[in-house]
Amino acid sequence: MKLNEFLNTSYTAYHTTANAVKMLEENGFVRFTLGCDAKFTVGGKYFVTMNDSSVIALVVGSGNAFNVVESHTDSPSFKVKGNCVITANGVTRVNTEKYGGGLLYSYFDRPMKIAGRLLTETPDGVESQLVLSDYNVVIPSLCIHHNPTANDGFQINPQTDTLPLLGLNAHDVYSTLTTKRVLDADLFVVPVTEAFRAGVDGELLCSPRIDNLTSVYSSIAAIVDAKPDGIAVAACLDNEEIGSGTRQGSPDFLHDVMDFVAEKLGIATDKYAEMCNNGMVLSVDNGHAVHPAHPEKYDPVAKVYMGKGVVVKHHVNYSTDGLTSALFKRVAELADVPVQDYYNNSAVRCGSTLGLATSREIGMKTCDIGIAQLAMHSACETIAIADVDSMTKVLTAFMSAKLSGNKVSL
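These lines cover the structure that appears in this document, whether it is placed above or below. What you are looking at is a predicted structure, and each value in this text was computed from that prediction instead of being measured.

1. Quick notes on the sheet that holds strand 8 (residues 125-132)
And step 1. A sheet is described by the order of its strands in space; here 6 strands give the open sequence 8-7-10-5-6-9, paired in antiparallel fashion. Looking at which strands have only one partner, the edges of the open sheet turn out to be strand 8 and strand 9 (165-167). Averaged over all pairs of adjacent strands, the angle between their axes in this sheet comes to 35 degrees, without regard to strand direction.
And step 2. Of the strand pairs in this sheet, strand 6 (residues 91-99) and strand 9 are connected by 2 bridges, and their pairing is antiparallel. The residue bridging Arg93 from the neighbouring strand is Leu165, located in strand 9.
And step 3. Here helix 2 (residues 13-26) sits on the sheet in contact with strand 7 (112-122), strand 8 and strand 10 (182-191), set at roughly 90 degrees to strand 8.

Structure below.
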């Protein structure tokens, strides 16, 4: 699957996971489930999913380290409140709430769809059905005539201002998506602008959900091409945008998978601890390129730019320390991939990633990295296309690297 197709069809974490699974299966990866009588062998390629919205893939080498790459499958959007609609003032609107910290004004007046999964009744139990509406919805803005100070800034009320128009005569949501009996659902309203190139040389890529689909795509593409010395792992987890507190979003899932695989391979407890100590985790989540109109929002010196290489992210909210940064930079150097260091403006709030939670839960060396982008959490974000290639290349090298404590070699 090419990057543009992945971006254009990964509407929700459920769609993202389905696309990742398709890429894995097409390249010989075999599905397993936790607690099953699975058999793992050196050279084998495997994957497991959780709740239809997270996937962990691994390739088993004979070496003595875990090379782990993690990313997240979800992005900011609007979550649909069940089958509720609000009919008033001549229209029917979908009742939604914010999911994650989206840049809300960017979602107005653009094509959007309802996507996610339906849980339907069958004779064999509850069935999960991946869905995408065959119609668009839209969140209309209030015209400038009735909101004359809008260009000076305005307050958005998510309960009143960001409810999409379902139509003039609609009665509910579920019946527009299926004829089956729906017991419940996990649905989202998401932008559907297709990925497009920008810039005189087409060097920029713009799309919804670049954060963090480019990380997921690079992780899956890397593990497909990796030739690991140890055990290479690509963990794509849900719910990072709301705190990683779910069973499918928590690093506990990653920890459980690593424990299960080690047990099935007959790796003793002390050997497992040694493999974790030798190994390392890369938490891959995009970072902030300098916005050309607002350079004052960034560190006065340590700025990062689109097209200048993979970003190492430094902050107390990130897992990066001097050692993990140095080890990653060594991998990048051996792979001939450019690297740049990001430090936050000390007076500006910094986001967080999976990195700290993973470092705490699994106890492995961890480094936060990403691609430099503009308009993070907007309905349409921007990166340099060359940086996706750089990220895929360095992740492939990392998964293939021989790690041994504070040493790394390809």
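2. What to know about the pattern of salt bridges
And step 1. What the rule picks out here adds up to 8 salt bridges.
And step 2. The partner of Arg117 in a salt bridge is Asp186, with the nearest N and O atoms 2.8 Å apart. Here Arg117, found in strand 7, pairs with Asp186, found in strand 10; they are 69 residues apart in sequence, far enough to count as distant. Here Arg117 matches Asp186 in class, with each residue buried.
And step 3. The salt bridge partner of Glu333 is Arg330, with a shortest N-O separation of 2.7 Å. On the criterion of helical spacing, the pair formed by Glu333 and Arg330 is a turn pair, its members being 3 residues apart in helix 6 (residues 322-334).
And step 4. What makes Glu333 exposed here is its relative accessible area of 55%.
And step 5. Residue Arg330 is classed as partly exposed on the basis of its relative accessible area, which comes to 36%.

3. Brief notes about the packing of aromatic side chains
And step 1. The tally for this structure, following the rule as stated, stands at 8 aromatic pairs.
And step 2. Three or more aromatic residues joined by ring pairs form one cluster here, namely Phe32, Phe40, Tyr46 and Phe260.
And step 3. Lying across the ring of Phe188, Lys79 places its NZ or CZ 5.4 Å from the centre.

4. What to know about the pairing of strand 12 (residues 204-207)
And step 1. Sheet analysis places strand 11 (residues 196-198) next to strand 12, joined by 3 bridges and oriented antiparallel. Residue pairing across strands places Arg197 opposite Leu205, the latter belonging to strand 12.
And step 2. Hairpin connection, strand 11 to strand 12: the antiparallel pair is bridged by 5 residues, and Gly199 has positive phi, about 95 degrees.
And step 3. Direction of pairing for strand 12 relative to strand 20 (residues 381-384): antiparallel, over a ladder of 4 bridges. Each bridged residue has a counterpart across the sheet, and for Ser207 the counterpart in strand 20 is Glu381.

5. A few points about the sheet that holds strand 3 (residues 54-60)
And step 1. With mixed pairing, 9 strands are arranged side by side in an open sheet as 1-2-3-13-4-14-18-16-17. If you trace the sheet from one side to the other, it starts and ends with strand 1 (30-31) and strand 17 (339-343), each paired once.
And step 2. Relative to strand 18 (residues 366-370), strand 16 (residues 310-314) runs antiparallel, the two being bridged by 2 bridges. Pairing of Val312 across the sheet is with Ile369, part of strand 18.

6. Considering the nonpolar core
And step 1. In terms of nonpolar packing, the biggest core is built from 54 residues, with Leu282, Phe328, Ile369, Val394, Leu395 and Met399 touching the most fellow members.
And step 2. Of all hydrophobic cores here, the second largest spans 30 residues; its members include Phe40, Val233, Ala262 and Tyr272.

7. Examining helix 7 (residues 355-362)
And step 1. Along helix 7, the residues that are buried comprise Gly355, Ala357, Thr358 and Ile362. Down the axis of helix 7, the sector holding all buried residues measures 165 degrees, keeping them to one side.
And step 2. Of the residues flanking the end of helix 7, it is Gly363, one or two places downstream, whose phi is positive at about 75 degrees.

8. Regarding a negative patch on the surface
And step 1. On the surface, Asp252, Asp256, Asp259, Glu263 and Glu361 cluster together into a negatively charged patch.
And step 2. Considering each element in turn, the negative patch owes the most residues, 4 residues, to helix 4 (residues 251-264).
And step 3. Along the chain, the position of Glu263 falls in helix 4.
And step 4. Accessibility expressed as a relative area gives 58% for Glu263, which makes it exposed.

9. Observations concerning the side chain of Asp74
And step 1. As for its placement among the helices and strands, Asp74 is situated in the loop between strand 4 (66-72) and strand 5 (77-88).
And step 2. Notably, Asp74 is buried but unbridged: the nearest opposite-charge side chain belongs to Arg209, and the N-O separation is 11 Å.
And step 3. Polar side-chain contacts of Asp74 include one of 3.2 Å to the backbone nitrogen of Glu240.
And step 4. A polar atom in the side chain of Asp74 sits 3.0 Å from the backbone nitrogen of Glu241.
And step 5. If near-sequence neighbours (up to four positions away) are discounted, Asp74 is found in contact with Ala13, Tyr99, Asn212, Leu237, Asp238, Asn239, Glu240, Glu241 and Ile242.

Rules and cut-offs
Residues numbered from 1 in each chain as written. Predicted model: local features only at pLDDT ≥ 70, side-chain atom pairs only at ≥ 80, totals over all residues. Heavy atoms only, no water. Pairing = 2+ DSSP bridges. Helix = DSSP H or I, 4+ residues; strand = E, 2+ residues; numbered from the N terminus. Axes fitted to C-alpha atoms, helices over the stretch in contact; angles between N-to-C directions. Contact = heavy atoms within 4.5 Å. Salt bridge = Lys/Arg side-chain N within 4 Å of Asp/Glu carboxyl O. Buried < 20%, exposed > 50% of the residue type's maximum accessible area, 1.4 Å probe, protein only. Phe/Tyr/Trp six-rings, centres within 6.5 Å; stacked < 30°, edge-to-face > 60°. Lys NZ or Arg CZ within 6 Å of the ring centre and 35° of its normal. Core = buried A, V, L, I, M, F, W, Y, C linked by side-chain atoms within 4.5 Å. Arc of directions from axis to C-beta. Patch = residues over 30% accessible without salt bridge, like charges linked within 9 Å, V, L, I, M, F, W, Y side chains within 5 Å. Areas by Shrake-Rupley, 256 points an atom, 1.4 Å probe, with all protein chains shown as cover. Lys, Arg positive; Asp, Glu negative; His and termini not counted. Charge placed at Lys NZ, Arg CZ, Asp CG, Glu CD. Polar contact = N/O pair within 3.5 Å; in protein donor to acceptor, adjacent residues only side chain to side chain.

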